[in-house]
Amino acid sequence: MTSEDCKVCPKFEQTFSILGKKWNGLIVESLLNNSPQRFKTLSQAVEKCSDRMLAERLKELESKSIVKRKAFDNSNLIEYSLTKKGEDLKPIMDEVHNWSDKWCHK
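In this report, the structure presented in the accompanying data block is examined. (Residues numbered from 1 in each chain as written. Predicted model: local features only at pLDDT ≥ 70, side-chain atom pairs only at ≥ 80, totals over all residues. Heavy atoms only, no water.)

## What about the pattern of salt bridges?
Heads up, the rule is: The rule for a salt bridge is simple: a side-chain nitrogen of Lys or Arg has to be within 4 Å of a carboxyl oxygen of Asp or Glu. Helix and strand definitions here come from DSSP, where helices need a minimum of 4 consecutive H or I residues and strands a minimum of 2 consecutive E residues; each element is numbered from the N-terminal end. We call a residue buried when its accessible area falls under 20% of the maximum for its residue type, exposed when it is over 50%, and partly exposed in between, using a 1.4 Å probe and counting protein chains only.
A full pass over the atoms with the stated rule returns 6 salt bridges. R52 is the partner of E56 in a salt bridge, and the nearest nitrogen-oxygen pair spans 3.7 Å. Note that E56 and R52 are positioned in helix α4 (residues 51-63) at a spacing of 4 residues, about one turn of the helix. As a salt-bridge pair, D88 and K84 come within 2.8 Å of each other at their nearest N and O atoms. By relative accessible area, which is 43% here, D88 ends up partly exposed.

Next comes the structure, spelled out in structure tokens:
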């Protein structure tokens, strides 16, 4: 087997660089379960993530077209929801749940 045989697909690597980043999976999961959400609600759902880090991760997910941010005119209200691209992660997240139910024991 050569090193060429063991190369990881660049698209697979790119996907895991996004989803494998701490907090991103939990943010996506929270928005899959309840969308749209305001920042405070997301902050409570991903409770161990600091507000600064949550804002950074939301900006990153928005830049990857996974999350969309909606600001309302004449208001400070901002809501976050998943794009179609983000919603397409549902079956993947379901499989992660299945795997963790089988293999992760507390």
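Once you've had a look at it, read on.
## Looking at the sheet that holds strand β1 (residues 37-38)
Short version of the rule: We treat two strands as partners when DSSP finds at least two bridges between them. In this analysis, two residues are considered to be in contact whenever any of their non-hydrogen atoms come within 4.5 Å of each other. The angle between two axes is taken between their N-to-C directions and runs from 0 to 180 degrees, where each axis is a line fitted to C-alpha atoms and a helix contributes only its stretch in contact.
The strand order across the open sheet formed by 3 strands is β1-β3-β2, and the pairing between neighbours is antiparallel. The outermost strands of the open sheet, each flanked by one partner alone, are β1 and β2 (67-71). Docked against the sheet, helix α2 (residues 24-33) engages β1, β2 and β3 (78-82), running at close to 95° with respect to β3.

## As for the nonpolar core
Quick reminder of the rule: Working definition of a nonpolar core: buried Ala, Val, Leu, Ile, Met, Phe, Trp, Tyr and Cys residues. They are joined through side-chain atoms within 4.5 Å.
Core analysis: the largest hydrophobic core is formed by 18 residues, its most contacted members being I27, L31, L58, L61, I66 and V67. Mapped onto this core, the elements with two or more residues apiece are α2, α4 and β3. It is α4 that contributes the most residues to this core, 4 residues altogether. Setting aside anything within four residues of it in sequence, one finds L61 in contact with I18, N24, I27, V28, I66 and V67.

## Describing the layout of surface pockets
Short version of the rule: Here the term cavity refers to a set of points on a 1 Å grid, laid over the protein atoms alone, in which a 1.4 Å probe fits but cannot get out; the term pocket refers to an open set having protein on both sides within 12 Å along at least five of seven lines, with lining residues being those that place an atom within 4 Å of a point. Grid points are joined across faces, edges and corners, and a volume is the space filled by probe spheres set on the points. Think of it as three bins: nonpolar holds Ala, Val, Leu, Ile, Met, Phe, Trp, Tyr, Cys and Pro, charged holds Asp, Glu, Lys and Arg, and polar takes everything else, Gly as well.
When its volume is computed, the largest pocket comes out at roughly 340 Å³. In terms of lining residues, the largest pocket is bounded by 15 residues, among which L19, G25, L26, M93 and V96 are the most central. Listed by contribution, the elements that provide at least two residues to the lining of the largest pocket are α1 (10-19), α2 and α6 (90-103). For the lining of the largest pocket, the element with the highest residue contribution is α6, accounting for 5 residues. Split into classes, the residues belonging to the lining of the largest pocket amount to 7 nonpolar, 5 polar and 3 charged. Within this model, the second largest pocket holds a volume of roughly 210 Å³. Together, K11, Q14, T15, I18, L19, K64, I66, K85, L89 and I92 line the second largest pocket.

## Considering a nonpolar patch on the surface
Short version of the rule: Only residues above 30% relative accessible area that lack a salt bridge enter a patch, with like-charged residues linked at up to 9 Å and the nonpolar side chains Val, Leu, Ile, Met, Phe, Trp and Tyr linked at up to 5 Å. Calculation of accessible area relied on Shrake-Rupley with a 1.4 Å probe; when residues are assessed, cover is drawn exclusively from the protein chains displayed.
Side chains of V8, F12 and F16 sit close together on the surface and give an oily, nonpolar patch of about 320 Å² of accessible area. Inspection of the secondary structure assignment puts V8 in the segment before α1. Judged by its relative accessible area of 48%, V8 falls in the partly exposed class.

## Quick look at the environment of K70
Note on placement: K70 falls in strand β2. Residues within four places of K70 in sequence aside, it is in contact with L77, I78 and E79.

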